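If you want the building blocks of each chain, they are given just below.
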Amino acid sequence: MRKLLKIGAMLSGLLALIPQLALAAGEKADELIVVADTRVLNNSVMLYFADLYNTNILLFAIWAVVLTALYGVFLGVTMDFIMARTGLDLSKRKIVEH
Amino acid sequence: MEMFGDSSWLYMYMPIAGVTIFWPGLVLIGFSVGVIGGFFGMGGAWMVTPGLNILGFPMAFAIGTDIAHIAGKSMVSTMRHSKFGNVDYKLGIVMIIGTMFGIEIGAQLIMYLERLGTVGTVVRWVYVVFLALISFMVFYDYYKAVNKKKHGEADGERGTEGITWYKTLHKIRIPPMMHFEKAGFTCSAWLPIIVSFVTGILAGFLGIGGGLLRMPALIYLIGCPTHIAVGTDLFEVMISGLYGAFTYTLKGRIELVAVFVMLTGAAIGAQIGTVATKYAKGYGIRIAFGIAVLCCMVSIILKEYGFAMMSAALILGTISLICIYIMKIMFVGAAQELREKKARG
């Protein structure tokens, strides 16, 4: 797990050096300017993120990646905890091609 | 009882897109793609977009939301595959170098061609040709392997294999030579770099994540056993997905709430898909992958000729059937393992 995080952090840093690595699809939508409607939001967390989306997209992007990664790790660890209780051996497998 | 009369709780407001979406549909899409992605070792963006479209999700947000959810989902799958020993990190890191430069060149190439004129149709037909080649390769490999098996021919410790192009490529000994312990072979470092570079260019050119191209390339050109190819490819999808999520968010093309909802379903699906690889034979994974690629190809052709609904129906139908097939492998295999464990005391 720690090894995975370490490698992930290292590679994310490396990737950040190369611009526009992201997929080529969707350029046509670049022309659109979308503004989140904060008037209809009551939840303070939602309001914060919608506001951030409108005012500071870079910080919003950083939050989006960090939260996605954290939620991914959280779900991975939680599912690991649950799967460990099924009684299945999840530490090894045989590679059988046929 | 009030809950059953009023169905508003089944709908969730998306604060950035400003639309209300049927959230169990998002969970279901996440779950299905989690199962299939964990089993085949790919992101599966081509499966998510039609599903989101049907739910009424604004297409402007579809790609970014899709990529962010795929990055998170691949993280869950990579963690599970890693415990099985299915991820060759060394190979993954070497390939990342080729992949990132390749995708960058592919993306630049498509932007250049777009400046010259409409390339949408050309790109779609190139995609169709490659999907046809991949599915042909998978089925030809299976056919050849079955024939060899009938004649009692074997290819060493991996048993009978159909296509063994990697054996010829492993003979190229341009330094530096590298040993990949988990994948179990030694080859010139240039082989995975060049293969990932070429698949990266194609992925960038076609506007896809690349798992669909990289997974067969890892098997047939680099020589990974199927299970290692699945795990290692997911590791790459995770890294490129996180970066893709960042750049698409900078363009404002993400709906974070939908990402989290889909990711919750995907985490459960990813466990099923990943654990199913333990009970599946390598050729079983390859054949199911070939069928998925074939359906993807037919759906693109249908879309090209204006049958958008039929195309979406084909993709969703394929997802459902493959999902059921993978779940059957997982539950039958798990039940068998638990029975054997009980019998042993």
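Residues numbered from 1 in each chain as written. Chains lettered and ligands numbered in written order. Predicted model: local features only at pLDDT ≥ 70, side-chain atom pairs only at ≥ 80, totals over all residues. Heavy atoms only, no water.

Chemist: Whenever I open this one, the overall build of chain A confuses me. Can you help?
Modeler: Along chain A, the regular secondary structure elements total three helices and zero strands. Listing each helix as α and each strand as β along chain A from the N terminus yields α-α-α. Here chain A holds 98 residues, and the buried ones make up 36% of them. Accessible surface for chain A amounts to roughly 6100 Å². Of this, 67% is attributable to carbon and sulfur atoms. (Helix = DSSP H or I, 4+ residues; strand = E, 2+ residues; numbered from the N terminus. Buried < 20%, exposed > 50% of the residue type's maximum accessible area, 1.4 Å probe, protein only. Areas by Shrake-Rupley, 256 points an atom, 1.4 Å probe, with all protein chains shown as cover.)

Chemist: What exactly am I supposed to notice about helix H11 (residues 256-279) of chain B here?
Modeler: An α-helical segment advances 3.6 residues per turn. Residues three or four places apart therefore align on the same side. For H11 of chain B, built from 24 residues, the straight-helix expectation of 34 Å at 1.5 Å per residue is met to within 8% by its first-to-last C-alpha distance of 35 Å. The sharpest bend along H11 of chain B measures roughly 25° and falls at Ala266 of chain B. (Expected span 1.5 Å × (residues − 1). Bend = angle between axes of the 7 residues up to and from the residue.)

Chemist: I'm lost on the side chain of Ser299 of chain B in this one. Help?
Modeler: On the secondary structure map, Ser299 of chain B appears in helix H12 (residues 282-304). Ser299 of chain B has contacts with Ser311, Leu314 and Ile315 of chain B, leaving out every residue within four places of it along the chain. (Contact = heavy atoms within 4.5 Å.)

Chemist: For this particular structure, what's the right way to read helix H10 (residues 226-250) of chain B?
Modeler: Residue and element names in this part refer to chain B. The first and last C-alpha atoms of H10 sit 36 Å apart over 25 residues, in line with the 36 Å expected at 1.5 Å per residue. Burial analysis of H10 places 23 of its 25 residues in the buried class, which makes it a mostly covered element. In the segment just after H10, Gly252 is the residue with positive phi, at about 80°.

Chemist: What should I look at first to understand the nonpolar core in this one?
Modeler: Counting 112 residues, the largest nonpolar core has Phe40, Trp46, Leu91, Tyr127, Leu212 and Phe289 of chain B as the members making the most contacts within it. When neighbours within four sequence positions are excluded, Trp46 of chain B is seen to be in contact with Tyr127, Leu212, Ala292, Cys296 and Ile315 of chain B. Counting six residues, the second largest nonpolar core, distinct from the first, contains Leu75 of chain A together with Val76, Ala267 and Ala270 of chain B. (Core = buried A, V, L, I, M, F, W, Y, C linked by side-chain atoms within 4.5 Å.)

Chemist: Just checking my understanding: could you explain the pairing of strand E4 (residues 185-188) of chain B for this structure?
Modeler: Looking along a regular strand, one sees the side chains alternate between the two faces of the sheet. Residue and element names in this part refer to chain B. Relative to E4, strand E3 (residues 177-180) runs antiparallel, the two being bridged by four bridges. Residue Met178 lies in a different strand from E4, and its bridge partner there is Cys187. In this antiparallel pair of consecutive strands, E3 and E4, the connection spans four residues, and Gly184 shows a positive phi of 80°. (Pairing = 2+ DSSP bridges.)

Chemist: What am I meant to see in the pattern of salt bridges here?
Modeler: Pairs can form between side chains of opposite charge once their charged atoms are near each other. As enumerated under the stated definition, the model contains seven salt bridges over all chains in all. Close ionic contact of Arg39 of chain A with Asp37 of chain A constitutes a salt bridge, the shortest N to O distance being 2.9 Å. The partner of Asp80 of chain A in a salt bridge is Lys83 of chain B, and the shortest N-O contact between them spans 2.3 Å. Taken together, the residues Asp80 of chain A in helix H3 (residues 57-84) and Lys83 of chain B in helix H4 (residues 59-84) connect one chain to another. The structure contains a network of salt bridges with shared partners spanning Asp80 of chain A together with Arg80 and Lys83 of chain B. (Salt bridge = Lys/Arg side-chain N within 4 Å of Asp/Glu carboxyl O.)

Chemist: Mind showing me how you'd approach the packing of helix H2 (residues 44-55) of chain A against H3 of chain A here?
Modeler: Packed helix pairs are specified by the crossing angle of their axes together with the interaxial distance, meaning the distance between the axes. Residue and element names in this part refer to chain A. Across the interface, H2 lies against H3 with an axial gap of 6 Å and an inter-helix angle of 130°. It follows that H2 is oblique to H3 by the angle criterion. Each of Tyr48, Phe49, Leu52, Tyr53 and Thr55 in H2 lies in contact with H3, whose residues at this interface are Ile57, Leu59, Phe60, Trp63 and Leu67. Looking at the contact of H2 with H3 residue by residue, the classes come out as nine nonpolar, one polar and no charged. (Axes fitted to C-alpha atoms, helices over the stretch in contact; angles between N-to-C directions. Parallel < 35°, antiparallel > 145°, perpendicular 65-115°, else oblique. Nonpolar A, V, L, I, M, F, W, Y, C, P; charged D, E, K, R; others polar.)

Chemist: So what exactly am I meant to see when it comes to the packing of aromatic side chains here?
Modeler: For any pair of aromatic rings, the description consists of the separation of the ring centres together with the inter-plane angle of the planes. Counted under the stated rule, the structure contains 13 aromatic pairs over all chains. Relative to Phe260 of chain B, the ring of Tyr71 of chain A has its centre 4.9 Å away and its plane inclined at 40°; by these criteria the two rings are tilted. A residue pair is termed interchain when its members come from two chains, as with Tyr71 of chain A in helix H3 and Phe260 of chain B in helix H11. A relative accessible area of 26% places Phe260 of chain B in the partly exposed class. (Phe/Tyr/Trp six-rings, centres within 6.5 Å; stacked < 30°, edge-to-face > 60°.)

Chemist: Whenever I open this one, the packing of helix H9 (residues 211-222) of chain B against H12 of chain B confuses me. Can you help?
Modeler: Residue and element names in this part refer to chain B. At their nearest, the axes of H9 and H12 sit 12 Å apart, and the two run at 145° to each other. Crossing angle aside, the handedness with which H9 passes H12 is left-handed. Residues Leu212, Met215, Pro216, Ile219 and Tyr220 of H9 lie in contact with H12, whose contacting residues are Ile285, Arg286, Phe289, Val293 and Cys296. Looking at the contact of H9 with H12, its residues break down into nine nonpolar, no polar and one charged. (Left-handed = near helix turned anticlockwise from the far one by under 90°.)

Chemist: Hey, could you run me through the side chain of Gln271 of chain B in this one?
Modeler: Relative to the helices and strands, Gln271 of chain B is located in helix H11. At 3.0 Å, the side chain of Gln271 of chain B and the side chain of Arg80 of chain B are in polar contact. Apart from the residues within four sequence positions on either side, Gln271 of chain B is in contact with Met79 and Met83 of chain A together with Val76 and Arg80 of chain B. (Polar contact = N/O pair within 3.5 Å; in protein donor to acceptor, adjacent residues only side chain to side chain.)

Chemist: What is the right way to look at the confidence of the model for chain B in this model?
Modeler: Reading predicted coordinates in detail is not appropriate for stretches of low pLDDT. Here chain B shows a mean pLDDT of 86. Residues at 70 or above account for 95%. Across the interfaces of the predicted complex, the ipTM metric reaches 0.81, alongside a pTM of 0.82. (pLDDT = per-residue confidence, 0-100.)

Chemist: Looking at this structure, I do not really get the environment of Gly273 of chain B. What am I missing?
Modeler: All names here are of chain B. Relative to the elements of secondary structure, Gly273 occurs in helix H11. Remark: the alpha-carbon pair of Gly273 and Ile326, spanning 53 residues in sequence, is separated by 6.5 Å. Every residue in contact with Gly273, bar those within four places of it in the chain, is listed here: Val35, Gly38, Phe39 and Ile326.

Chemist: How should the confidence of the model for chain A be read in this particular structure?
Modeler: Residues and elements named next belong to chain A. On average, residues of chain A score 75 in pLDDT, and 62% of them reach the 70 mark or higher. Within chain A, H3 carries the highest mean pLDDT (92), whereas helix H1 (residues 2-16) carries the lowest (54). Segment residues 14-29 is flagged for pLDDT under 50; beyond a separation of four residues in sequence, or across chains, it makes 47 contacts in the model.

Chemist: Which parts of the structure should I look at to understand unusual backbone geometry?
Modeler: Note: most residues except glycine have negative phi, and most peptide bonds are trans. The amide bond that connects Pro175 of chain B to the next residue, Pro176 of chain B, takes the cis arrangement and shows omega of 5°. Relative to the helices and strands, Pro176 of chain B is located in the loop between helix H7 (165-170) and E3.

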